[in-house]
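Each chain, letter by letter, is given below.
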Amino acid sequence: TPYRYADMRVPIADARVDQVAFAGGQLWSEPLLTFNHELDYSGSFPDDVGILSWDKETLVESGSVDVPNGKINYVERWHSCTPNITVCETWEARGSDDALQEIALKVGEYAMVMTSLSGFGAVLFEQGSSYWSETTHIGNKVESYPPWTLGPSSPETKLHWIEIN
């Protein structure tokens, strides 16, 4: 079984950049990490393979993406949001055709849900002292809110925020 992931990117400084959200399974074959976009807000990245390396405590992904007018080279620096947490709880729902319909991941005080049940929707939550609050949202409203009964857990998974160069 591949590890599960969810990736949601909302531009902060550059409004010309589109929102991106995708989730599914990931496969590791050193030094390549392949992200299978089973759910994808834009549906535009069927092949998502990066080369991973370490720069001290920072995980670095590099590669290139084919776009209509050529190729874009990229470097992403992954910084841990949860340095002392090594377990990611996951839950997913699949249709009768085994296609992923909804996925939820929880790492420490963060949780993310992506769904295609009523059109695409993605939401990031952060846990407060007594409740979960929605911090970022893309697409349609998501009806699933933490806490969930999640499992089984994926070992040695950490939540990262990414600095894209």
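In what follows, the accompanying structure is described.

Things to note about the pairing of strand β9 (residues 100–107)
No. 1: Of all eight residues making up β9, six are buried, and the element is well covered by its neighbours.
No. 2: As judged from the six bridges shared by β9 and strand β10 (residues 110–115), these two strands associate in the antiparallel manner. Residue pairing in the sheet places Ile103 in a bridge with Met114 of β10.
No. 3: Once β9 ends, the chain turns through two residues before running back antiparallel as β10, passing Gly108 with a positive phi of about 55°.

Quick look at the pattern of salt bridges
If charged atoms from side chains of opposite charge come close, those side chains can pair.
No. 1: This model, assessed by the stated rule, comprises seven salt bridges.
No. 2: Notably, a salt bridge pairs Arg4 with Glu38, separated by 3.3 Å at the nearest N-O pair. Within this pair, whereas Arg4 is found in strand β1 (residues 3–9), its partner Glu38 is found in the loop between β3 (32–35) and β4 (39–40), the two being separated by 34 residues in sequence.
No. 3: For Arg9, the salt bridge goes to Asp7, with nearest N and O atoms at 2.8 Å.
No. 4: For Arg9, a relative accessible area of 22% corresponds to the partly exposed category.
No. 5: Accessibility expressed as a relative area gives 12% for Asp7, which makes it buried.
No. 6: The structure contains a network of salt bridges with shared partners spanning Arg4, Glu38, Glu92 and Arg94.

With respect to the pairing of strand β11 (residues 121–127)
No. 1: Where β10 meets β11, six bridges bridge the pair, whose relative direction is antiparallel. Note that in β11 the partner of Val113 across the bridge is Val123.
No. 2: Between β10 and β11, which pair antiparallel in sequence order, lie five residues; one of them, Gly119, sits at a positive phi of approximately 85°.
No. 3: Where β11 meets strand β12 (residues 132–139), seven bridges bridge the pair, whose relative direction is antiparallel. In the strand pairing of β12, Leu124 is matched with Thr136.
No. 4: Joining the antiparallel neighbours β11 and β12 is a turn of four residues.

Criteria and thresholds
- Residues numbered from 1 in each chain as written.
- Predicted model: local features only at pLDDT ≥ 70, side-chain atom pairs only at ≥ 80, totals over all residues.
- Heavy atoms only, no water.
- Buried < 20%, exposed > 50% of the residue type's maximum accessible area, 1.4 Å probe, protein only.
- Helix = DSSP H or I, 4+ residues; strand = E, 2+ residues; numbered from the N terminus.
- Pairing = 2+ DSSP bridges.
- Salt bridge = Lys/Arg side-chain N within 4 Å of Asp/Glu carboxyl O.

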